[in-house]
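Coordinate inspection notes
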Amino acid sequence: MTVGAVTFTVDGVVELFYAAPGDTLADVLRAGETSRGRNPRKGTKIGCNAGDCGSCTVLLDGEAVCACLVPAAQASGRKVTTIDSWKMWPEMSRLVDAFIAHGAAQCGICTPGMIGAAHGLLTRNGSPSRREIEDAIGGVLCRCTGYIKIVEAIVAAAGDAPIAAAPDTGVGTSAKNQGAAYAAKGYSNFAADAIPQGTLGIRVIRSPHARAAFSFGDLDAFAKQHDLATILTAADVPGANSFGIFPHTKDQPVFAERETRFRAEAVAALVGQNLHAIDLATFPITWTPLSPVTGIDAALAEGAHAIHAHLPDNVLTRGNLRTGDVVRGHADAAATAEGQFETSFVEHAYIEPEAGHAWGERGQVVISACTQSPHMDREDVARVLGLADADVRIAPTACGGGFGGKLDVSVQPILAVALARVGKPVSLTYSRTESMVATTKRHPARITSKASANKDGRLTAYEMSGDFNTGAYASWGPTVANRVPIHAHGPYKVPNVHNRTRAVLTNETPAGAFRGFGVPQSAIANEALMDDLAEKLGLDRWHIRRINALKAGDATASGQVLVASAGLPQCLDALKPTWDKALLDASAHNAGNARHKRGVGIACMWYGCGNTALSNPSEMRISLERDGRVIIWSGAVDIGQGISTILVQIVRETLQIDGADIAVCPLVGDTDATLDAGKTSASRQTFVSGNAARRAAEQLRAKLLRHANVDADTKLAFEHGGQFATLLAGSNGERRVSLADIIPEGFYGFESIGRYDPPTTPLDANGQGIPYATYGFAAQIAEVMVDTALGTTKVLHIHAAHDVGRAINPMLVEGQIHGGIAQGLGLALMEEFVSGKTENLHDYLIPTAGDIPPITTHIIEDPDPEGPFGAKGVGEPALIATAPAILGAIRHATGVTVRKVPVLPHRLWALLQARGT
Amino acid sequence: MSRYFQPATLDDALQLLARNSSLKIVAGGTDIYPAATSQAAWRGIEMRDVLDISRLNGMRDIVERVHDWHIGALATWTDLINASLPPVFDGLKIAAREVGGIQIQNRGTIGGNICNASPAADGAPPLIALDAEIACMSVGDCRIMSVDTFIEGNRKTRLRPGELVTGIIVPKRPGRGHFLKLGARRYLVISIAMVSGTFDIDNASGIVRSARIAVGACSAVAQRLPKLEARLAGTRIGDIQPTADDLAQLAPIDDVRADADYRRAAALQLVADLLDQAAASHRRPA
């Protein structure tokens, strides 16, 4: 629709854009309707459309602005600089190089905005201070990196030294994150970027009530009035109107039928063009609000409304772990501590809202969306459409952050139903608010725990009863309920344990998977009790953790003997000098300050990599092309953490072929092009898919050795040149085989497939068995400053020691640790999703660049013989210890134990008042 | 389709407003566009005709006059930060640096901040502490009133149909301004509470000649603290501490950011901290 024309200079070229004057600059750039044809500039990302996230930052006459807040008319006659012209400006080129070399981009969706903001800074200040850098990027939110590497990259870009990423020479090198390197230039096609022109849009009608009955009016008339292609309701779902994670918990409808179960539940969807001009208040629907079940107590109360008829007590799942005799364990102890702890709904707040598009191709339904679990998406889409899995193809786009929130389907089933109904390509992009209100959250938990120790501080018993509010639908509630009991007493040797959990259904936003599956919540409880026990027994807090720390050879409470790679003692030992110094620093400071108190806290964690006592295999295919390219056909979705890069490093290390050109095929996670690598979750991809890739590479190498007819330890190399590469075998390359002779002509070249499924066993009714093949361990120290008059907490420093088995890529490991700590800090201090109240990124707070303290990381490598080159996962372990360490530090500073997070200033102030400061 | 007007002169803008007082006025867009996004989330895009005043000549200038300073309504936070202004404006400048992030500071205007009339407007307490006045023009008329009169309530001003805020008039005063903002994170944060004050203190004796203190985000409109100001006048800075009674007029609310009890206590602490800053800057004159 031609609605006007606006002319401005964009990236050095004067362009006339067809746009309405009030359209935002971000929309105009992204649509790219110019007098010279369509030229969309999708390097400029939209994360919130409200100036809250800064991902659309561009320069307007040299000044950083949020393009989502600038009317096109105000750009008229001015100069706009976007990421697309990074090559044109020396500062921007250096920034791009530095972001790549320093690992400052993970998922990369904030990166163009971040670089824009930094570019604005460097053009007016060539040698900024750290504070000036933080001021410049404070308006851009990043959910992956914890900002530290971003600041480092900007410092490097401002300097004169040449910038170069470390070369990938195999395992142990800090090679650049390949996906991020692409994203930093604005090239990545995130889900909204990938939507082609001309698709029919979709707008979802959502319930404004937590629980309501509803009936539709004259939908046909409404559709006609607004020239819609159709209006979708439950009646349009061709297959089962239900989806969900587990075969027995497919309880969530695509569109609610008769009654909604949470605020923002979908009841219908408009399909057509220009849908945002329609005022949904005019949509013909009659709501009859019903009394909602809010909170765990209400759900468990006698006679409470059953959220789902088949679960009359509103308990979705129970988890249990029992070993020894806790009654005796408590009775024999010298000290016992107990307490109740509460956490809130937490939003993933990935900067990319969910989006996708769907079309039909060669008899298949194709869904292209951002996701962490393409094969599971395929199952649910096929189910909803009543098709076989093979009739559906999921083609994932780049994923702008996930953290567990994109493990569930969101847009996918709606797209599928719309496509089935209208038979034309359709698209759906969630607004920020829609992303926040309609998709899963971290489970709010209420945990009651009791821990006992003997006079030496050795734990004698741990008992935990935890209720997790799983909201209106099951999602990953069963996983949380099953994983928490195994971990709830912390990474300590405890002879008598009884941990029980319930996932409780309510009329609240569904809670699902979020980095740690409930363990971050339970760690808050168990680490507080460790501090209590230390206090009661007069022991040092580091010491009580050290003497109880699980180590190789110990049996867990599940009865699993940790045969190797249990590096918690090493983590704690690495932190001991820091611990001693931090305590001295704090007491020196506190001696002279009545109001601002420093405190030091310490917490440990452990986390099983992979699914809990369930098979979770990964299959990886590797092909060797005749020109010597090695292609990894990876189904392991890279959500920014860098699994594609890790796989290349593992394959390079395994193949041991000089000159091999190894790359991950861009069709990552495509369900037709790749094998099922399982979901990107549970800190499993490096460990599980890494192993699958290693096995595939071992087979490929073995095949080449056979073709060259040489021994296993023979040196191999590829010689390039000409159409086909040549395999050189032997220390001087004495045996030469042209790849054209051994690889038949064909698309896939010469392939090998590796499969790995972690060796686990099912758990019995008492949680006994082998739930995981390996565990990550960590200890973190937080140093904080509390303003006791205002109740504010400033984290001064985090020291993190993580046993990762082997750091395949130390830079990426550190990136995970930084990002996890940032999310842990948010969990402790500021993040609380309140339905109806914190539905945007200015009322829901996540940490900004100014909130993250310096982080010192100690990477401990206690190799796991089961892991690829000894490696295990770090994604979730990064986050778990942070909040309890901060809470311990607040307690050390102030003497008050925080039992509810987030510790917003008014909550800490109230605790300080109650104590009587 | 809504119409979009972007006049170059104030006359044209006022004529347009005279003809159609329901025009949606856009300057930097930092409040209007987020509000539209919020509206679109559950309803739809609002279709209103727009008056874009961003290109009005001269309305962004910050000008020193004989008895006062005139800040054009379109002056951005960044303009204020970069302007050469006497120390009494320091509070306003610090507030400007605390607004959102740089992207918002580069676009958001002082006039827009006041017209948006958020109880948590970062510009309100410093302007009130500066005794600033607002100029509201319409065809053939110009009304001038104090900022705290102009802001009538939560999201409510005394702007009449057909009027446009053209500028802010700050009387020339001796002294130094201060500002403190309390939020739950470092950047991009809506205040839980904030205070601003201007203090004229005798150099030699440390005696407060006059103090003007305003508290924001603790009432529908930022409030001056006349009791405290009166108690401070004539005493040595640092000798008088604020009391709960000085802040009794505040009417804080409970919301997701904090509860009322806390806001009241925090405001008192911030005022005490502000007085400490004033005392400290007196001891260390710039």
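Residues numbered from 1 in each chain as written. Chains lettered and ligands numbered in written order. Predicted model: local features only at pLDDT ≥ 70, side-chain atom pairs only at ≥ 80, totals over all residues. Heavy atoms only, no water.

Observations regarding the overall build of chain B
In plain terms, the rule: Helix numbering and strand numbering both begin at the N terminus, where a helix is a DSSP run of H or I of at least 4 residues and a strand a DSSP run of E of at least 2. Just to be clear, the radius of gyration here is over C-alpha atoms, and the globule rule we use is 2.2 Å times residues to the power 0.38. For each residue, the accessible area found with a 1.4 Å probe, counting protein chains only, is set against the maximum for its type, and the residue is called buried under 20%, exposed over 50%, and partly exposed in between. Pairs of residues are marked as contacts when any of their non-hydrogen atoms sit within 4.5 Å. Per-residue accessibility takes into account occlusion by the displayed protein chains alone, with areas from the Shrake-Rupley method and a 1.4 Å probe. For this count, His and the chain ends are skipped, Lys and Arg are scored as positive, and Asp and Glu as negative. Charge coordinates come from a single atom per side chain, which is NZ of Lys, CZ of Arg, CG of Asp or CD of Glu.
Scanning chain B for helices and strands turns up ten helices and 14 strands. A compact globule built from 286 residues would reach a C-alpha radius of gyration of about 19 Å, and chain B, at 19 Å, matches this within 12%. Considering only C-alpha atoms, chain B reaches an extent of 60 × 45 × 30 Å along its principal axes. For chain B, buried positions account for 57% of its 286 residues. Of the contacts formed within chain B by residues at least 6 apart in sequence, a portion of 63% connects residues at least 24 apart. For chain B, the computed accessible surface area is about 11300 Å², with 49% contributed by carbon and sulfur atoms. Positive and negative side-chain charges in chain B, numbering 33 and 31 respectively, have mean positions lying 3 Å apart.

Concerning the overall build of chain A
The helix and strand inventory of chain A stands at 24 helices and 34 strands. What you see for chain A is a C-alpha radius of gyration of 27 Å, in line with the 29 Å of a compact globule of 917 residues. Counting only C-alpha atoms, chain A reaches 80 × 80 × 60 Å along its principal axes. Counting every position in chain A, which comprises 917 residues, the buried fraction comes to 66%. Of the contacts formed within chain A by residues at least 6 apart in sequence, a portion of 77% connects residues at least 24 apart. Total accessible area on chain A stands at roughly 29300 Å², and carbon and sulfur atoms take up 50% of it. Here chain A holds 81 positive side-chain charges and 92 negative ones, and the gap between their average locations is 2 Å.

Regarding the nonpolar core
Rule in force here: Think of a nonpolar core as a cluster: buried Ala, Val, Leu, Ile, Met, Phe, Trp, Tyr and Cys residues, connected wherever their side-chain atoms sit within 4.5 Å.
Within the largest apolar cluster, 163 residues are counted, with the highest numbers of intra-cluster contacts made by Phe99, Met114, Ile150, Ile154, Leu568, Ile886 and Ile890 of chain A. Of all the elements, helix H15 (residues 519-537) of chain A adds the most residues to this core, at ten residues. Beyond its immediate stretch of four places on either side in the chain, Leu568 of chain A contacts Pro491, Tyr492, Ala549, Leu550, Cys604, Phe777, Ala778 and Ala779 of chain A. Counting 70 residues, the second largest nonpolar core, distinct from the first, contains Val28 of chain A together with Ile110, Ala132 and Phe150 of chain B.

Some thoughts on the pairing of strand E28 (residues 716-719) of chain A
The side chains of a regular strand alternate between both faces of the sheet. Residue and element names in this part refer to chain A. Let me state the cut-off plainly: Pairing between strands requires that DSSP locate at least two bridges from one strand to the other.
Relative to E28, strand E26 (residues 657-658) runs parallel, the two being bridged by two bridges. Of the residues in E28, the one forming a bridge with Ile657 is Leu716. The pairing of E28 with strand E29 (residues 726-729) spans four bridges and is classified as antiparallel. Within E29, the position partnered with Glu719 by the bridge is Thr726. Linking E28 back to E29 in an antiparallel pair, the connection comprises six residues, with Gly721 at a positive phi of about 125°.

Notes on the sheet that holds strand E34 (residues 855-860) of chain A
Residue and element names in this part refer to chain A. Our working rule: Axes here mean lines fitted to C-alpha atoms, for a helix over just the part in contact, with angles spanning 0 to 180 degrees between N-to-C directions.
Reading across from one edge, E23-E32-E33-E34 is the order of the four strands in this open sheet, with mixed pairing throughout. Either end of the sheet is taken by a strand with one partner, and the two such strands are strand E23 (596-608) and E34. Strand-to-strand twist of the sheet, defined as the mean angle between neighbouring strand axes without regard to direction, takes the value 15°. Judged from the eleven bridges that link them, strand E32 (residues 775-787) and strand E33 (residues 792-803) form a sheet pairing that is antiparallel. The residue bridging Ile781 from the neighbouring strand is His799, located in E33.

Considerations on the packing of helix H16 (residues 541-548) of chain A against helix H17 (residues 568-591) of chain A
All names here are of chain A. Quick note on the threshold: Should an angle fall under 35 degrees it is called roughly parallel, over 145 degrees roughly antiparallel, and 65 to 115 degrees roughly perpendicular, with every other angle called oblique. For this classification, the nonpolar set comprises Ala, Val, Leu, Ile, Met, Phe, Trp, Tyr, Cys and Pro, the charged set comprises Asp, Glu, Lys and Arg, and every other residue, Gly included, is treated as polar.
Running from amino to carboxyl end, H16 crosses H17 at an angle of 170°, the nearest separation of the two axes being 10 Å. Between H16 and H17, the crossing angle belongs to the class labelled roughly antiparallel. Residues Arg541, Trp542, Arg545 and Arg546 of H16 touch H17, and the partners they reach there are Pro569, Leu572, Asp573, Lys576, Trp579 and Leu583. Of the residues that constitute the contact of H16 with H17, the class distribution is five nonpolar, no polar and five charged.

Some thoughts on the environment of Gln106 of chain A
All names here are of chain A. For Gln106, the location among the structural elements is in the loop between helix H3 (90-101) and helix H4 (111-124). C-alpha of Gln106 to C-alpha of Leu219: the two residues are 113 residues apart in sequence and 44 Å apart in space. For Gln106, the residues in contact, after removing those within four places along its chain, are Cys144, Thr145, Asn177, Ala180, Gly640, Gly815 and Gln816.

Digging into the pairing of strand E10 (residues 164-171) of chain B
Residue and element names in this part refer to chain B. In terms of residue burial, E10 counts as a mostly covered element, since seven of its eight residues are buried. Alignment of strand E5 (residues 68-72) against E10, held across five bridges, turns out to be antiparallel. Directly across from His70, in E10, lies its bridge partner Ile169. When strand E6 (residues 133-138) meets E10, the two strands line up antiparallel, connected through five bridges. Bridged to Cys136 within E10 is Val165.

So, the sheet that holds strand E9 (residues 212-216) of chain A
Reading across the sheet, the three strands line up as E11-E9-E13 (chain A) and stay open at both edges, with antiparallel pairing between neighbours. At either end of the open sheet lies a strand with only one pairing partner, and these are strand E11 (259-260) and strand E13 (285-289) of chain A.

Concerning the side chain of Thr111 of chain A
Residues and elements named next belong to chain A. Within the secondary structure, Thr111 sits in helix H4. The exposure class of Thr111 is buried, given its relative accessible area of 1%. The contact partners of Thr111, leaving out residues within four places of it in the chain, are Phe99, Ala105 and Ala184.

Side note on helix H11 (residues 374-385) of chain A
Residue and element names in this part refer to chain A. This is how it is decided: Under the convention used throughout, the expected extent of a helix is 1.5 Å for every residue step, that is, one less than its residue count.
Helix length check: H11, at twelve residues, gives a terminal C-alpha distance of 16 Å against a target of 16 Å (1.5 Å per residue), a fit within 8%. Where burial is concerned, most of H11 is hidden: nine out of the twelve residues are buried. Against strand E17 (364-369), strand E18 (392-394) and helix H12 (412-422) lie the buried residues of H11. Positive backbone phi, at 70°, marks Gly386, one or two positions downstream of H11.

Digging into the packing of aromatic side chains
Just so we agree on the cut-off: Between rings of Phe, Tyr and Trp, where Trp is taken as its six-membered ring, a pair exists when centres lie within 6.5 Å; planes separated by under 30 degrees are stacked, by over 60 edge-to-face, and by other angles tilted.
Scanning the model with the defined rule gives 16 aromatic pairs over all chains in all. Ring geometry for Phe214 of chain A versus Phe216 of chain A: centroids 5.4 Å apart, planes at 65°, classification edge-to-face. A residue is classified by how much of its surface remains accessible, and Phe214 of chain A, at 10% relative accessible area, is buried. Taking the relative accessible area as the measure of exposure, Phe216 of chain A reaches 28% and is therefore partly exposed. Relative to Phe89 of chain B, the ring of Trp69 of chain B has its centre 5.8 Å away and its plane inclined at 75°; by these criteria the two rings are edge-to-face.

Side note on the interface of chain B and chain A
Threshold: Note: buried area is the sum, over both parts, of the accessible area (probe 1.4 Å) each one loses when the two are combined. Here, a salt bridge means any side-chain nitrogen of Lys or Arg that lies within 4 Å of a carboxyl oxygen of Asp or Glu. Whenever two N or O atoms come within 3.5 Å, that pair is a polar contact, provided that in protein one can donate a hydrogen and the other can accept it, and provided that, for residues adjacent in sequence, both atoms are side-chain atoms.
Contacts between chain B and chain A engage 48 residues on the former and 71 residues on the latter. Of the roughly 4500 Å² buried at the junction of chain B and chain A (both faces included), carbon and sulfur atoms supply 59%. Interface area lost by chain B to chain A is led by Trp42, Gln103 and Arg185 of chain B, which between them contribute 18%. Between Arg43 of chain B and Asp279 of chain A there is a salt bridge; the shortest N-O distance is 2.5 Å. Summed over the shared surface of chain B and chain A, the result is 28 residue pairs in polar contact (both at pLDDT 80 or more).

So, the state of the cysteines
Put simply, the rule reads: Our working definition of a disulfide is a cysteine sulfur pair at a distance within 2.5 Å.
In this structure the tally under the stated criterion is zero disulfides over all chains. Among the cysteines around Cys110 of chain A, which has no disulfide bond, Cys142 of chain A carries the closest sulfur, lying 3.8 Å off.

Describing unusual backbone geometry
Residue and element names in this part refer to chain A. Residue Val901 is joined to Pro902 through a cis peptide bond whose omega torsion reads 0°. When you line up the elements, Pro902 lands in the loop between helix H23 (882-894) and helix H24 (905-915). At Asn49, a position not held by glycine, the phi torsion is positive, near 60°. Along the polypeptide, Asn49 turns up in the loop between strand E4 (37-38) and strand E5 (57-60).

A few points about the pattern of salt bridges
A complete count under the given rule lists 66 salt bridges over all chains for this structure. Shared partners join several salt bridges into a network, and the residues in it are Asp131, Arg173, Arg212, Arg224 and Glu229 of chain B.

Looking at the environment of Asn113 of chain B
Residues and elements named next belong to chain B. In this structure, Asn113 sits in helix H6 (residues 110-116). Under the relative-accessibility criterion, Asn113 is labelled buried at 13%. Along the chain, Asn113 and Phe89 lie 24 residues apart, while their C-alpha atoms are 17 Å from each other. Setting aside its immediate chain neighbours within four residues, Asn113 contacts Trp77, Ala121, Asp122, Gly123 and Ala124.

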